[in-house]
Amino acid sequence: MLTYLKIKNFITISECEIDFKNKLNVITGESGAGKSIIFNAIEHLFGKASNQSFIKANQSFFEIEGYFKFDNKTILSQLAEYQDDDNPKQFFIYRKVDSNKNITRINNKAVTLKLLKELTSSFAVVISQHHQLMLEKHHYLIQIIDSFFEQADYDLLYSYQQDYQHFLELNRDLKSFNENTNLDQSLDFLDFQINDISQHNFKMDEELELEALKNKIKHNSKHMANSKAILRELNEAKNSFNEIISRLSQLSDISTFSNYHQQLAPVNDILSELNHDLSLNLNEFSDLSARDIDQIEERLDIIFKQKIKYKVNTLNDLIALLAELKTKKHNLANYSKQQETYLKKINDIKESLIDKSKRLNFQRQSISIDLSKKIIHEASQLNLGNISLNIDSRFNDNQFDKFGCSKISFLISLNPGAPLKDISKVASGGELSRILLSIYAVISTQAPQNIFLFDEIDTGVGGITANHIGQKLKQLSNHKQLFCITHLAQIAQHADQHILVKKLNNISKTESTFIPLDEKEKHSELHRMVGGETITEKLLIN
């Protein structure tokens with residue numbers, strides 16, 4: 001249950017603190033006083049999207065704090081990650097919005113707004129005009145039916161949803177595969193690209209080798225002149241060096257010179273190797289010509305244009321792309337086989353989906369019969385005694401969704417002999433309110449949520465009917481915590497806690513205040529709701 005709420009700088013509230021009771025909490029006040037602000041604040045704790053427009057005028061931020069206490073094991077398991085070891089059943093939810101950031105925490109742990117909404121949906125339900133419109137929505141209705149599932153039914157639904165997710169993925173993959181594999185056109189284009197690259201017979205690292213050879217040719221003349229000069233000097237030096245070695249050998253019997261002979265002897269071999277290498281290089285230089293560099297430039301130009309054309313950085317990347325294109329062509333050649341594989345998987349899983357959805361629909365039909373009777377019984381207590389209701393669960397194996405192939409609709413008749421029609425085409429706003437309350441009166445015992453917010457559930461009703469609604473809310477509050485905004489004294493009289501909203505206006509500001517009423521104050525407020533601002537003696541006696 002929500003035990004405590006603190007609001008600061010929110011819409012027309014500067015600051016307020018409210019302690020709530022476990023059962024029926026009713027909020028009343030004149031139109032425009034700000035009754036919905038409490039609901040708005042509580043909905044922020046349940047993950048409602050927010051922005052700076054909710055900040056009170058002339059303030060820079062708003063804060064909302066809520067303290068909750070739960071005993072339900074299902075709810076506690078959903079919130080287990082955020083439990084406080086010292087107070088495992090108590091949870092503190094905090095929202096702050098300013099011009100720079102949106103802070104959201106559970107027990108001082110930061111959470112996203114989406115996660116907050118998901119977690120709080122396990123323990124709270126907000127019922128408003130929007131929810132009345134939800135009675136026309138298939139998915140909303142089917143979840144009402146499914147709330148009465150046994151564990152085996154939930155297991156079947158989970159298994160179906162796993163298959164359904166796989167079914168969607170396979171269809172997406174097949175669609176993408178078909179879109180990306182226009183067979184004839186794709187094969188023609190691949191053939192063109194493969195032939196366009198292959199005709200040049202590129203080799204790995206060829207570009208680097210050509211650049212090196214190009215530089216070598218550019219320096220050809222200089223290298224040839226240097227090589228020839230070195231050879232001339234080397235030949236002359238070698239003859240002189242050989243003469244020196246020969247003379248030293250004749251002095252080898254003198255120990256001083258024998259060492260020199262030994263040290264200089266290898267030099268002769270080095271000079272011979274140098275002579276050999278220079279001669280080879282000179283022959284290579286002689287083979288290179290201006291014609292060779294023209295051919296190299298032409299080849300490098302082809303490589304450059306191909307790299308630009310296929311948007312790659314190096315020739316090696318282009319060669320790798322060629323390999324990828326050949327692989328893609330090979331895969332396309334097996335297109336029909338791959339498509340058949342996709343189709344077989346889809347058909348197999350579709351058969352499983354149909355089987356499981358048939359079983360789910362059978363359970364829903366069985367639940368719908370019993371649920372219709374229970375809702376009719378509840379509605380009869382809300383002055384809808386002539387109601388006929390049929391919850392129709394039709395099976396259509398061509399319309400898959402995440403709940404199966406069931407199409408749920410609430411068909412009602414509010415007058416004897418009138419045909420059953422879709423609820424949205426028969427019921428007025430007030431009748432929709434009562435039908436919605438009847439539904440929640442039935443499903444509340446099944447629902448794990450223990451906080452229900454009824455936002456102006458009294459729309460379009462009055463008199464005795466309003467009193468019946470109040471009695472029904474009181475009955476629901478025996479096992480759920482209820483919050484209700486109402487304009488009607490017939491409903492407000494059943495409150496366990498009655499909160500009055502007043503708006504104070506002056507020249508500089510507008511302020512909303514929330515006043516928990518004692519029994520005497522509650523009595524006065526009920527009479528005001530019945531008779532207006534002036535409470536006559538006759539009205540007080542009544």
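Quick caveat, the model's predicted, so the values are computed rather than measured. (Residues numbered from 1 in each chain as written. Predicted model: local features only at pLDDT ≥ 70, side-chain atom pairs only at ≥ 80, totals over all residues. Heavy atoms only, no water.)

Turning next to the overall build of the protein chain. From N to C terminus, the protein chain includes 19 helices and 15 strands. For a compact globule of 542 residues, the expected C-alpha radius of gyration is about 24 Å, and the protein chain comes in at 44 Å, more than 25% above that figure. For the C-alpha atoms alone, the extent of the protein chain along its principal axes is close to 150 × 60 × 45 Å. The buried share of the protein chain, reckoned over its 542 residues, is 44%. Long-range pairs, those at least 24 residues apart, make up 71% of the contacts in the protein chain with a sequence separation of at least 6. Carbon and sulfur atoms provide 49% of the accessible area of the protein chain, an area that totals close to 29,900 Å². Looking at the protein chain, you have 64 positive and 70 negative side-chain charges, and the mean spots of the two groups are 6 Å apart. (Helix = DSSP H or I, 4+ residues; strand = E, 2+ residues; numbered from the N terminus. Rg over C-alpha atoms; globule rule 2.2 N^0.38 Å. Buried < 20%, exposed > 50% of the residue type's maximum accessible area, 1.4 Å probe, protein only. Contact = heavy atoms within 4.5 Å. Areas by Shrake-Rupley, 256 points an atom, 1.4 Å probe, with all protein chains shown as cover. Lys, Arg positive; Asp, Glu negative; His and termini not counted. Charge placed at Lys NZ, Arg CZ, Asp CG, Glu CD.)

Bringing the side chain of His44 into the picture now. Within the secondary structure layout, His44 lies in helix α1 (residues 35–45). Note on His44: relative accessible area 0%, which makes it buried. Within the structure, His44 has its side chain in polar contact with the backbone oxygen of Asn40 (distance 2.8 Å). Those residues in contact with His44 that sit more than four places away from it in its chain are Phe10, Ala49, Ser50, Phe54, Phe62, Ile64, Arg95 and Leu116. (Polar contact = N/O pair within 3.5 Å; in protein donor to acceptor, adjacent residues only side chain to side chain.)

Right, let's get into the packing of aromatic side chains. Per the stated rule, a full pass over the model turns up 17 aromatic pairs. Consider the rings of Phe70 and Phe91, whose centres lie 6.0 Å apart with planes at 45 degrees: the pair is tilted. Residue Phe70 is located in the loop between β4 (61–69) and α2 (73–78), and its partner Phe91 is located in strand β5 (residues 90–98); the two are separated by 21 residues in the primary sequence. In this structure Phe70 comes out as buried when scored by relative accessible area, which is 1%. Given the relative accessible area of 2%, Phe91 is considered buried. Centre to centre, the rings of Phe70 and Phe123 are 4.6 Å apart; their planes meet at 45 degrees, and the pair counts as tilted. (Phe/Tyr/Trp six-rings, centres within 6.5 Å; stacked < 30°, edge-to-face > 60°.)

This part is about the pattern of salt bridges. On inspection of all chains with the given rule, the structure shows 18 salt bridges. Note that Glu15 and Lys6 form a salt bridge whose closest N and O atoms lie 3.7 Å from each other. Here Lys101 ties to Asp98 by a salt bridge, and the two come within 3.3 Å at their closest N and O atoms. With a relative accessible area of 14%, Asp98 lands in the buried category. (Salt bridge = Lys/Arg side-chain N within 4 Å of Asp/Glu carboxyl O.)

Overall, the predicted model of the protein chain reaches an average pLDDT of 84, with 91% of residues at or above 70. In the model of the protein chain, helix α19 (residues 537–541) stands out as the element of lowest mean pLDDT, 45, in contrast to β4, which has the highest, 95. Below a pLDDT of 50 lies the segment residues 534–542, which in the model reaches nine contacts outside its immediate sequence neighbourhood of four places, other chains included. (pLDDT = per-residue confidence, 0-100.)

This part covers the pairing of strand β1 (residues 2–10). Of the strand pairs in this sheet, β1 and β4 are connected by six bridges, and their pairing is antiparallel. Looking at the pairing, Lys6 lines up with Glu65 of β4. Across six bridges, the pairing between β1 and strand β2 (residues 13–19) is antiparallel. Its bridge partner being in β2, Lys8 is matched across the sheet by Glu15. (Pairing = 2+ DSSP bridges.)

The next thing to look at is the sheet that holds strand β10 (residues 406–413). Judged by pairing direction, the sheet is antiparallel, and its three strands sit side by side in the order β9-β10-β11 without closing on themselves. Strand pairing shows two members of the sheet lacking a second neighbour, β9 (388–395) and β11 (421–422), which therefore form its edges. As paired elements, β10 and β11 share two bridges and run antiparallel to each other. Bridged to Ile412 within β11 is Lys421. Seen against the sheet, helix α5 (residues 138–146) touches β9 and β10 and runs at an angle of roughly 90 degrees to β10. (Axes fitted to C-alpha atoms, helices over the stretch in contact; angles between N-to-C directions.)

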